[in-house]
Amino acid sequence: MDTKLTAPVNDAASLAELLKDPEVGGFSHTELLLNKNSSATLSAIERFFRDAQHTDLTLLYFSGHGVKDGQI
């Protein structure tokens, strides 16, 4: 049974737009990772923190759902 949740994708896209809006968040860069596997997600998080400068204001927002498939 393949049931895709559409609301979380829409919510994430809306949040990214708000964060980019100079009147609201003012962030110059946002990156959405939608429906990525754990390896891709962990790599992106590592890159996010590795590339941040000491004086940067950073925000990592994570929301997810897990699916048990027997793999680690």
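Details of the structure are given in the entry above.
Let me begin by describing the structure that accompanies this report. The shown structure was predicted, so the numbers you read here are calculated from the model rather than taken from an experiment. (Residues numbered from 1 in each chain as written. Predicted model: local features only at pLDDT ≥ 70, side-chain atom pairs only at ≥ 80, totals over all residues. Heavy atoms only, no water.)

## Overview of the overall build of the protein chain
Here is step 1 of the chain: The number of helices and strands found in the protein chain is 2 helices and 0 strands.
Here is step 2 of the chain: Taking all 72 residues of the protein chain together, the buried fraction comes to 6%.
Here is step 3 of the chain: Once local pairs closer than 6 in sequence are excluded, the contacts in the protein chain between residues at least 24 apart make up 25%. (Helix = DSSP H or I, 4+ residues; strand = E, 2+ residues; numbered from the N terminus. Buried < 20%, exposed > 50% of the residue type's maximum accessible area, 1.4 Å probe, protein only. Contact = heavy atoms within 4.5 Å.)

## Examining unusual backbone geometry
Here is step 1 of the chain: One non-glycine residue, N35, adopts positive backbone phi at about 55 degrees.
Here is step 2 of the chain: Mapped onto the elements, N35 comes out in the loop between helix 1 (7-20) and helix 2 (38-51).

## Overview of the pattern of salt bridges
Here is step 1 of the chain: Counted by the stated rule, this structure contains 3 salt bridges.
Here is step 2 of the chain: Where E31 meets R47, a salt bridge forms, and the shortest distance between an N and an O atom there is 3.8 Å. On the criterion of sequence distance, the pair formed by E31 in the loop between helix 1 and helix 2 and R47 in helix 2 is long-range, its members being 16 residues apart.
Here is step 3 of the chain: Taking relative accessible area as the criterion, R47 reaches 33% and is therefore assigned partly exposed. (Salt bridge = Lys/Arg side-chain N within 4 Å of Asp/Glu carboxyl O.)

## Points about the packing of aromatic side chains
Here is step 1 of the chain: Taken as a whole and assessed by the stated rule, the structure comprises 1 aromatic pair.
Here is step 2 of the chain: Taking the centre distance of 4.9 Å and the plane angle of 75 degrees together, the rings of F48 and F49 count as edge-to-face.
Here is step 3 of the chain: A relative accessible area of 48% means that F49 is categorised as partly exposed. (Phe/Tyr/Trp six-rings, centres within 6.5 Å; stacked < 30°, edge-to-face > 60°.)

## Some details on the environment of Y61
Here is step 1 of the chain: Inspection of the secondary structure assignment puts Y61 in the segment after helix 2.
Here is step 2 of the chain: A residue is classified by how much of its surface remains accessible, and Y61, at 58% relative accessible area, is exposed.
Here is step 3 of the chain: Measuring from C-alpha to C-alpha, the distance between Y61 and L15 comes to 9.6 Å, with 46 residues separating the pair along the chain.

## Things to note about the side chain of T41
Here is step 1 of the chain: Tracing the chain through its elements places T41 in helix 2.
Here is step 2 of the chain: Since its relative accessible area comes to 16%, T41 is described here as buried.

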